[in-house]
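# Observations on the three-dimensional arrangement
One letter stands for each residue in the lines below.
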Amino acid sequence: MHLLTALLACLLSLFGGDGPGSRTRIDFARAGQGVLLSKTTLADGLATFQCLSSGSGACHYRLYQEICKAAVGGTALEQHCSRRELGRFQLHVGARRQVGGLPADFAQCVVAAQGAPGCA
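Residues numbered from 1 in each chain as written. Predicted model: local features only at pLDDT ≥ 70, side-chain atom pairs only at ≥ 80, totals over all residues. Heavy atoms only, no water.

### Focus on the pattern of salt bridges
Opposite charge on two side chains allows them to pair when their charged atoms are near. What counts, and what does not: Just to be clear on terms, a salt bridge is a Lys or Arg side-chain nitrogen sitting within 4 Å of an Asp or Glu carboxyl oxygen. Note on exposure labels: buried denotes an accessible area under 20% of the residue type's maximum, exposed denotes more than 50%, and partly exposed covers the range between, all computed with a 1.4 Å probe on protein chains only. A helix here means a DSSP run of H or I that spans at least four residues, while a strand means a run of E at least two residues long, and both kinds are numbered starting from the N terminus.
According to the stated counting rule, one finds four salt bridges in the structure shown. The salt bridge involving D27 is made with R25; its shortest N-O contact spans 2.9 Å. With a relative accessible area of 14%, D27 lands in the buried category. The salt bridge involving R62 is made with E85; its shortest N-O contact spans 3.3 Å. Remark: E85 occurs in strand β5 (residues 79–92) and R62 occurs in strand β4 (residues 58–70); sequence separation between them is 23 residues. For E85, a relative accessible area of 40% gives the class partly exposed. One salt-bridge network, in which partners are shared between bridges, spans R62, E85 and R88.

What follows is the structure, given as structure tokens:
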């Protein structure tokens, strides 16, 4: 059933009519907490986060921006990158949250359990 939900969400994101100029990201993970399925849509400067499924009952989000600069004395390929945190929040399964004012190049990490590896 969880796999069917994931496939349906992916299919809907392709044909769902989010509109021109929008970007949709689907996060799917299977881990100790069960299946995690999240959908994020960015359109007209407004990001919409949806927690579709989570074994823990919630999706935990961390929003950030990668800031990279050329390393001092390094070659053109060497960079020093840091992350600027933009926000953290959780959504219960079925909930939706809209966030405006994010930079176009923002990134996200979403996990089923707060403090889970990969979202530090």
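Now that the structure has been shown, the text picks up again.
### With respect to the nonpolar core
Applied cut-off: Buried Ala, Val, Leu, Ile, Met, Phe, Trp, Tyr and Cys residues that are joined via side-chain atoms within 4.5 Å together make up what is termed a nonpolar core.
Counting residues in each nonpolar core, the largest one holds 15 residues, and the members touching the most others are F49, Y61, F89, L102 and F106. When residues of this core are traced back to their parent elements, those giving at least two are β2 (34–43), β3 (46–53), β4 and β5.

### Side note on the environment of F49
Tracing the sequence through the fold places F49 in strand β3. Judged by relative accessible area, F49 falls into the buried class, the value being 0%. For the pair F49 and R25, spaced 24 residues apart in sequence, the C-alpha separation works out to 9.6 Å.

### Observations regarding the state of the cysteines
This is how it is decided: Cysteine sulfurs are considered disulfide-paired once they come within 2.5 Å of each other.
All told, the structure shown has two disulfides when counted by the stated rule. A sulfur-sulfur distance of 2.1 Å marks the disulfide that ties C51 to C59. Across the disulfide from C51 to C59, rotation about the S-S bond amounts to roughly 70°, and the bridge is consequently right-handed. Residue classification places C51 among the buried residues on the basis of a relative accessible area of 1%. One disulfide in the model links C68 with C81; its S-S distance is 2.1 Å. Sign of the S-S torsion, about 115° for the bond between C68 and C81, identifies this disulfide as right-handed. Within this pair, whereas C68 is found in strand β4, its partner C81 is found in strand β5, the two being separated by 13 residues in sequence.

### Describing the sheet that holds β4
Short version of the rule: Think of it this way: DSSP has to see at least two bridges between two strands before they count as a pair. Simply put, an axis is a line fit to the C-alpha atoms, just over the touching stretch for a helix, and the angle between two N-to-C directions goes from 0 to 180 degrees.
The sheet built from three strands is open, its strands ordered β5-β4-β7 with antiparallel pairing. Sheet topology places β5 and β7 (107–111) at the edges, where each strand pairs with a single neighbour. Along the sheet, successive strands turn relative to each other by an average axial angle of 25°, direction set aside. For β4 and β7, the ladder comprises five bridges, and the chain directions are antiparallel. Bridge pairing links L63 to Q108 in β7.

Bear in mind that shape data such as this cannot, by itself, settle questions of function.
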